[in-house]
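Residue strings, one per chain:
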Amino acid sequence: MSKDSWWTYLVNHNVIENEDQLGKRQLVMELLQSSILSFMKQIQLENNIRKSNIQCQIIPFGSYGLGAHLTTGDIDVVLLSPSQVRRRDFFRIFVEILKKQVTVRDILVIDHANVPIIKCTIDRVPVDICFARLKMDTVPKDINILDNSILIGLDEPCMSSLAGARTLHYILKQIDSNHLSLFQTTAQSIKWWLMQRCLYDKQIGYLNNGALTLLLLKTYMFERTANHSIDVYNLISAFFKQWSTWPWPAPVMVTDYIPDYDGAPIDYKSLVEFEHAHMPIVTPCYRVSNAAPVVTKSTLRVLRREFSRGYNITQANFSTEEEMIKKLFKPFDLIKSYNHFLKVIFASDTVATHESWLRKIPDILPRLVEFLEDVPSIRQIQPYTKSYVKSISYRNRLQKTGFQLGEKVEQTTNDKIKISPLEPGLLHRTCYLIGLDVTPADESKDNTIDISRQVNMFRSVIDSKRSGTERDLVVNVVAVKRKELARFINEHSVL
């Protein structure tokens, strides 16, 4: 199968962009570049700096930087600034410059995070901008971002902000120029497969673009060293075969050894963050980290099952190439795959609490999965990557309680509603779904599965993450039947 078969399928199904759409992203980058010039002029004016050679650089990374983004993908960039520019200047001045651009919308400043960023949309393209303040008087265009000396004196947010760009530059150096286009199309195909199979979510225990790209690079390096044919089909098939049979938790490394700051090797066993890793994928640059840190025993089993499915499809006989590709990309159906389900419901009275927990929930959900893994009668757990968000009007406390429990409360005046006094309001609710495979029932025994202890442990984790103003958050974990779940999915909008 040629690269054109995969590329044509992805373009025809609007998974990747055509030339005109790619041109729009280039215009977005040009706007950011011009905004950087305005930013530097304002910095020089405010600080009475007369040097005209002070420069900032803006470097794309992630899937866009690789040239392997999808139509719905964002643009990740890091702004490299000299020491004269402070982070507060970035969040104050650069935001004001963006606000003056007519094509810029939805600006959101997230300045208290491991990687502080400005999120916005430019001409309807989502953009994430992070910031790194280097100990330099100016940042040249030809800066070697892989040189560890640029890390001297950086604080943690700046180190974290540089990690993605450094990893991408390392990856690009490993790919032969005549293979780059094939690698990009393969990465796009596998990313779309991950999304279709509900496996693309690093926060809740699966993979993201960074982990995917490192796994693909490892496969590519192996195939090239073995002198195997390098094309999209062979890379995809080899990818599925390699990672379905990999002896996890053996670490995946795309370097000969783990590098320290001075280039000396580090013993993998000395790295604390990998001590309990189920799917250790070691990033290549100092300081290394795990590209898949939240994978649990359950989500690893899901990933291995799906890798095996992918490999079997690539080895099967199909009448046409498109038939095989269509089968591979068939969307995952949670309802058909499991008989038992949990609905994890986060409900709050205020928009502020709701929006705060929209960001927190994905980081906390894997803890519930880990707690459930200790229940002997639960054989498999699959958290669903799609979340369901809805704001619901209620007329009284009875209705509100029903909505908090995920029940469908009819808007009628039945007897129970009549005896509950009117207390109208608006409830903001987010639901996550989990599929369960349990030990087959024994008709001679009580087959009820008690997960109250695990749910209480999960609530304790949530309570530890609450701020003092988030007491209106109510969390429930409820079992739902297949028919009820199908109705729920049909009635709710999917994020």
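Preceding this section is the structure that the text describes.
Cut-off values and rules
Residues numbered from 1 in each chain as written. Predicted model: local features only at pLDDT ≥ 70, side-chain atom pairs only at ≥ 80, totals over all residues. Heavy atoms only, no water. Buried < 20%, exposed > 50% of the residue type's maximum accessible area, 1.4 Å probe, protein only. Helix = DSSP H or I, 4+ residues; strand = E, 2+ residues; numbered from the N terminus. Pairing = 2+ DSSP bridges. 1 Å grid on protein atoms, 1.4 Å probe; cavity = no way out; pocket = protein on both sides within 12 Å on 5 of 7 lines; lining within 4 Å. Points joined across faces, edges and corners; volume = space filled by probe spheres on them. Nonpolar A, V, L, I, M, F, W, Y, C, P; charged D, E, K, R; others polar. Axes fitted to C-alpha atoms, helices over the stretch in contact; angles between N-to-C directions. Contact = heavy atoms within 4.5 Å. Core = buried A, V, L, I, M, F, W, Y, C linked by side-chain atoms within 4.5 Å. Expected span 1.5 Å × (residues − 1). Polar contact = N/O pair within 3.5 Å; in protein donor to acceptor, adjacent residues only side chain to side chain.

A.B. asks: Which parts of the structure should I look at to understand the pairing of strand 13 (residues 474-480)?
C.D. replies: The two faces of the sheet receive side chains in turn, since in a regular strand these alternate between them. With five of its seven residues buried, strand 13 lies for the most part within the structure. With seven bridges connecting them, strand 10 (residues 340-348) and strand 13 associate as antiparallel partners. Along strand 13, the bridge assignment pairs Lys-343 with Val-478.

A.B. asks: Help me understand empty space enclosed by the protein in this model?
C.D. replies: Over the atoms, a rolled probe matching the size of one water molecule traces out where space is still vacant. All told, the structure shown has one cavity of 30 Å³ or more when counted by the stated rule. Of the volumes computed, that of the largest cavity is approximately 40 Å³. Around the largest cavity sit Phe-346, Ala-347, Ser-348, Thr-353, His-354, Trp-357, Leu-358, Ile-361, His-428, Thr-430 and Leu-473, which together line it. Listing elements by their share of the lining of the largest cavity, those giving two or more residues are strand 10, helix 12 (351-372) and strand 12 (422-438). Here the lining of the largest cavity takes five residues from helix 12, the largest share from any one element. Taken together, the residues of the lining of the largest cavity break down into six nonpolar, five polar and no charged.

A.B. asks: Is there a simple way to think about the sheet that holds strand 5 (residues 125-133) in this case?
C.D. replies: If you walk across this open sheet you meet the five strands as 1-2-5-4-3, and the pairing is mixed. Each end of this open sheet is capped by a strand with a single partner; those strands are strand 1 (57-61) and strand 3 (104-110). Put simply, the sheet's adjacent strands are angled 25° from each other on average, direction ignored. As judged from the five bridges shared by strand 3 and strand 4 (residues 117-122), these two strands associate in the antiparallel manner. Its bridge partner lying in strand 4, Val-109 is registered against Ile-118. Helix 2 (residues 19-46) rests against strand 1, strand 2 (75-81), strand 3, strand 4 and strand 5 of the sheet, and its axis sits at about 20° to strand 2.

A.B. asks: Whenever I open this one, the nonpolar core confuses me. Can you help?
C.D. replies: Leu-80, Leu-207, Met-279 and Phe-458 are the most contacted members of the largest nonpolar core, which has 101 residues in total. Apart from residues lying up to four places away in sequence, Phe-458 is in contact with Val-344, Phe-346, Ile-364, Leu-365, Leu-368, Phe-371, Val-475 and Val-477. Judged by nonpolar contacts, the second largest core, of 31 residues, contains Leu-32, Ile-43, Ile-93 and Phe-94.

A.B. asks: How should I be thinking about helix 7 (residues 209-225) in this particular structure?
C.D. replies: Spacing of three or four residues puts side chains on the same side of an α-helix, whose turn is 3.6 residues. Helix length check: helix 7 (17 residues) gives 24 Å between terminal C-alpha atoms against 24 Å at 1.5 Å per residue, within 8%. The set of residues buried in helix 7 consists of Asn-209, Ala-211, Leu-212, Thr-213, Leu-214, Leu-215, Leu-216, Leu-217, Thr-219, Tyr-220, Met-221 and Glu-223. Check the buried side of helix 7 and you find it contacts helix 3 (62-66), helix 5 (156-174), helix 6 (180-196), helix 8 (232-244), strand 6 (252-253) and strand 9 (281-282). The residue sitting at the N-terminus of helix 7 and contributing the capping side-chain oxygen is Asn-208; that oxygen lies 3.2 Å from the backbone nitrogen of Gly-210. Two residues or fewer past helix 7, Asn-227 is found with a positive phi of approximately 60°.

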